[in-house]
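Residue-level listing of the chains:
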Amino acid sequence: MEAAGNLPEENFTPQDMSLKIEAINKVTLKDRANSYKNRPFSFFLLALVSLAALITIFVFLLLIGYIFVKGIPNIKPELFAWEYTTENVSMMPSIINTFLMTFATLILAVPVGVFSAVYLVEYAKKGSKLVSVVRITTETLAGIPSIVYGLFGFLMFASSFKWGYTFIGGVLTLAIMVLPTIMRTTEEALKAVPDSFREGSFGLGAGKLRTVFRIVLPSAIPGIFSGIVLSTGRIVGETAALIFTAGTKAAVPNDIFSSTRTLAVHMYSLLTEGLYMEQAYATAVIILIMVIVINAVSSKLAKTIVKNR
Amino acid sequence: MSGVRESLMKFVFLIAACVSILSTILICFFMFVNGVPAIAEIGIFKFLFGMTWKPSNGYYGIFPMIIGSIYVTAGAIVVGVPVGVLCAVFMARFCPKKLYSVMKPAIGLLAGIPSIVYGFFGLVVIVPVIQEIFGTNGKGVLTASLLLGIMILPTIISVSEDAIRSVPESYYEGALALGDTHEQAVFRAVVPAAKSGILAGVILGVGRAIGETMAVIIVAGNQTIIPASVLSGVRTMTSNIVMEMGYASGLHRQALIGTGVVLFVFILIINLLFSVIKKER
């Protein structure tokens with residue numbers, strides 16, 4: 001007890017302690033400025049990274065701001081007429097087709113992507129040859145630029161199958177294009193499901209298949225959804241892969257063998273025709289809004305995934 | 001009964017896994033089978049190094065386009081990499097929390113904006129600025145490089161940021177303990193340790209820039225000659241395909257597919273580089 005009296009520090013409660021530490025570590029703006037004065041190179045580095053960040057922010061604001069400010073006044077009701085004519089330059093058929101095409105592509109790509117991820121994570125033996133071949137080909141597919149997909153789709157569907165420019169040709173091309181994205185996100189989601197879930201399920205007598213569909217896949221749903229959202233973003237923005245597969249006809253497709261255009265292709269057509277700058281601005285606004293919504297959904301999903309872990 | 005179902009579904013999963021292998025084979029097959037004969041007919045040397053592209057007169061030299069693709073990609077690297085890497089350093093090590101919560105989604109959005117919208121932005125914002133400053137028509141290597149540099153920013157920033165963040169904290173603390181300032185510690189200890197990850201980001205950016213089509217076609221001017229200066233118009237391999245595929249036939253069409261094959265080979269080399277670097281880490 002006496003010794004304690006000689007050491008006043010021991011009388012501090014933990015809160016006092018933290019207060020004191022904070023006071024020692026506190027660096028005022030003035031201290032900082034002084035330390036930079038002595039180390040001009042450090043200040044230079046700080047200025048450099050801040051400048052880079054400012055440039056990025058500036059580009060972002062300029063891009064979004066310019067298109068919204070110039071585009072919103074150009075959004076007129078006739079742009080949303082049901083039928084496209086050269087007079088109203090309506091984007092409605094393209095908007096409808098963008099939804100149809102996204103939906104059809106996902107219907108094809110999601111089961112294949114999810115199932116192949118299930119095979120890779122749940123069934124394949126570690127270090128099997130097939131797995132490494134699938135890995136390599138998936139990485140290759142992910143790196144191929146849209147224009148090469150477009151050429152391939154043109155050669156296979158439009159040319160070899162003699163389909164011409166068709167909705168289904170565009171859909172099949174896009175489905176191959178988004179497959180790597182869906183596979184990768186699903187794989188990551190499946191890997192994040194703890195083994196104890198599987199063991200528990202096996203322990204209760206469930207078979208492998210039941211475990212996959214009842215236990216593993218449901219836990220991986222947010223991850224699978226984030227893959228779907230990412231793919232949607234890619235489909236909505238795609239142009240080069242669609243021009244020579246689905247063509248550029250500005251109408252809602254009658255059947256899967258009709259030519260049709262998505263909104264991004266519509267915008268490309270407006271720009272190459274060169275007569276419709278105002279409508280192009282308006283189209284850019286609509287595309288941007290779609291992308292913003294898709295991004296918002298995707299970051300919300302990412303947050304729920306983090307929370308679940 | 002359930003045994004049958006088990007093995008049936010296992011088979012279905014296996015087939016699904018093979019779809020990506022099949023797709024890759026199909027893409028390679030269709031590209032090479034349609035492109036290579038044309039290259040052989042024109043003559044591989046004449047095709048790759050021929051200086052004139054005049055399909056109507058039977059000249060199929062894509063050298064100007066190869067050079068064009070390399071020029072604009074190099075330009076994009078010069079514009080995009082310094083800004084991107086420094087911005088990644090800022091985000092990983094300097095950014096206040098509040099600013100970060102705004103910047104991160106902003107960069108995600110930049111990554112999600114379609115190339116056609118970037119192209120439009122280049123046409124209505126960058127082209128007039130270049131016109132104003134240099135008095136040219138505004139379309140050319142410089143404009144395309146600036147635009148591509150902006151387009152590869154999000155890729156470079158997010159990959160580099162991840163790389164910088166995955167450097168162990170002890171590197172930074174050790175440097176501080178040796179008397180470095182925050183900036184010195186970041187640039188002399190943390191960033192060098194992340195350099196292979198940053199390089200991977202740069203290579204991804206190169207892949208995106210060389211394969212980019214719709215944005216480049218709008219702002220590059222598309223002349224089929226080797227550009228004399230950074231202000232002259234330029235045509236890349238990608239834009240060559242899109243511009244002429246619509247009406248081409250016969251050998252002309254095959255030559256365009258041949259252009260696609262050359263582009264494809266470029267991309268495969270870049271992918272290979274990327275996976276080598278990823279393995280080294």
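Residues numbered from 1 in each chain as written. Chains lettered and ligands numbered in written order. Predicted model: local features only at pLDDT ≥ 70, side-chain atom pairs only at ≥ 80, totals over all residues. Heavy atoms only, no water.

**Comments concerning the pattern of salt bridges**
One pass over the full model with this rule turns up ten salt bridges over all chains. Between R188(B) and D180(B) there is a salt bridge; the shortest N-O distance is 2.8 Å. Residue R235(B) is joined to E244(B) by a salt bridge in which the shortest nitrogen-to-oxygen separation is 2.9 Å. This pair shows no difference in class: R235(B) is buried, exactly as E244(B) is. A single network of salt bridges, built from pairs that share partners, joins E122(A), D195(A) and R198(A). (Salt bridge = Lys/Arg side-chain N within 4 Å of Asp/Glu carboxyl O. Buried < 20%, exposed > 50% of the residue type's maximum accessible area, 1.4 Å probe, protein only.)

**Remarks on empty space enclosed by the protein**
Summary: where empty space remains is shown by rolling a probe the size of a single water molecule over the atoms. Residues and elements named next belong to chain A. Going through the model one piece at a time under the given rule, you end up with one cavity of 30 Å³ or more. Lining the largest cavity, in full, are E122, R198, F202, K208, T211, V212 and V216. At the level of secondary structure, the elements contributing two or more residues to the lining of the largest cavity comprise α9 (195–203) and α10 (208–219). Among the elements that make up the lining of the largest cavity, the one with the highest residue count is α10 (four residues). Tallied by class, the residues present in the lining of the largest cavity amount to three nonpolar, one polar and three charged. (1 Å grid on protein atoms, 1.4 Å probe; cavity = no way out; pocket = protein on both sides within 12 Å on 5 of 7 lines; lining within 4 Å. Points joined across faces, edges and corners; volume = space filled by probe spheres on them. Helix = DSSP H or I, 4+ residues; strand = E, 2+ residues; numbered from the N terminus. Nonpolar A, V, L, I, M, F, W, Y, C, P; charged D, E, K, R; others polar.)

**What about the nonpolar core?**
In terms of nonpolar packing, the biggest core is built from 177 residues, with I27(B), I116(B) and Y118(B) touching the most fellow members. Per element, the largest residue contribution to this core is 15 residues, and it comes from helix α3 (residues 63–94) of chain B. Among all residues touching I116(B), those that are not within four sequence positions of it are T239(A), A264(A), M267(A), Y268(A), L271(A), M214(B) and I218(B). Counting seven residues, the second largest nonpolar core, distinct from the first, contains A200(B), I210(B), I267(B) and I270(B). (Core = buried A, V, L, I, M, F, W, Y, C linked by side-chain atoms within 4.5 Å. Contact = heavy atoms within 4.5 Å.)

**Brief notes about the domain arrangement of chain B**
Residues and elements named next belong to chain B. Here the domain parsing of chain B yields domain 1 (2–49) and domain 2 (62–280). The straight-line distance from the C-alpha centre of domain 1 to that of domain 2 is 28 Å. Of the residues lining the interface, 13 residues belong to domain 1; the matching set on domain 2 comes to 14 residues. With both sides pooled, the region where domain 1 packs onto domain 2 buries about 1,200 Å², and carbon together with sulfur makes up 82% of that total. A per-residue breakdown of the area domain 1 buries against domain 2 is headed by M31, F47 and L48, which together make up 39% of the total. Inspection of the domain 1/domain 2 interface yields zero salt bridges. (Domains from an automatic or database assignment. Buried area = accessible area lost by both parts, 1.4 Å probe.)

**Comments concerning the layout of surface pockets**
Residues and elements named next belong to chain A. In this structure, the second largest pocket occupies an estimated 450 Å³ of space. Along its surface, the second largest pocket is lined by 20 residues, and L120, V121, E122, A124 and K126 are the ones closest to its centre. Listing elements by their share of the lining of the second largest pocket, those giving two or more residues are α5 (92–123), α6 (129–143), α8 (167–192) and α9. Here the lining of the second largest pocket gets four residues from one element, more than from any other, and that element is α5. Of the residues belonging to the lining of the second largest pocket, the class tally is eight nonpolar, three polar and nine charged.

**Points about the packing of helix α4 (residues 40–71) of chain A against helix α5 (residues 115–134) of chain B**
At their nearest, the axes of α4(A) and α5(B) sit 11 Å apart, and the two run at 80° to each other. By the criterion of interaxial angle, the relationship of α4(A) to α5(B) is roughly perpendicular. Residues L62(A), L63(A), Y66(A) and I67(A) of α4(A) form the contact with α5(B), whose own contacting residues are V117(B), Y118(B), F121(B), V124(B) and V125(B). Looking at side-chain class alone, the contact of α4(A) with α5(B) contains nine nonpolar, no polar and no charged residues. (Axes fitted to C-alpha atoms, helices over the stretch in contact; angles between N-to-C directions. Parallel < 35°, antiparallel > 145°, perpendicular 65-115°, else oblique.)

**A short note on the domain arrangement of chain A**
Residue and element names in this part refer to chain A. The domain boundaries assigned to chain A delineate domain 1 (2–73) and domain 2 (77–308). The C-alpha centroid of domain 2 is placed 42 Å from the C-alpha centroid of domain 1. On the domain 2 side, the residues contacting the seven residues of domain 1 number seven residues. Here domain 1 packs against domain 2, burying approximately 600 Å² in sum over the two surfaces, 89% of which is carbon and sulfur. For the domain 1 face of the interface with domain 2, the top three residues by lost area are I67, F68 and G71, together amounting to 66%. In this structure, the connection of domain 1 to domain 2 is made through zero salt bridges. On inspection of domain 1 and its partner domain 2, the count reaches zero residue pairs in polar contact (both at pLDDT 80 or more). Residue classes in the side of domain 1 that touches domain 2 are distributed as five nonpolar, one polar and one charged. (Polar contact = N/O pair within 3.5 Å; in protein donor to acceptor, adjacent residues only side chain to side chain.)

**Observations regarding the interface of chain B and chain A**
Taken residue by residue, the interface counts 72 residues in chain B and 74 residues in chain A. Applying the counting rule to chain B against chain A returns one salt bridge. Ionic pairing is found between K278(B) and E139(A), a salt bridge with its closest N-O pair at 3.8 Å. Connecting chain B to chain A are six residue pairs in polar contact (both at pLDDT 80 or more). Of the residues forming the side of chain B that touches chain A, the biggest block, 20 residues, is contributed by helix α1 (residues 2–42) of chain B. Of the residues belonging to the side of chain B that touches chain A, the class tally is 50 nonpolar, 16 polar and six charged.

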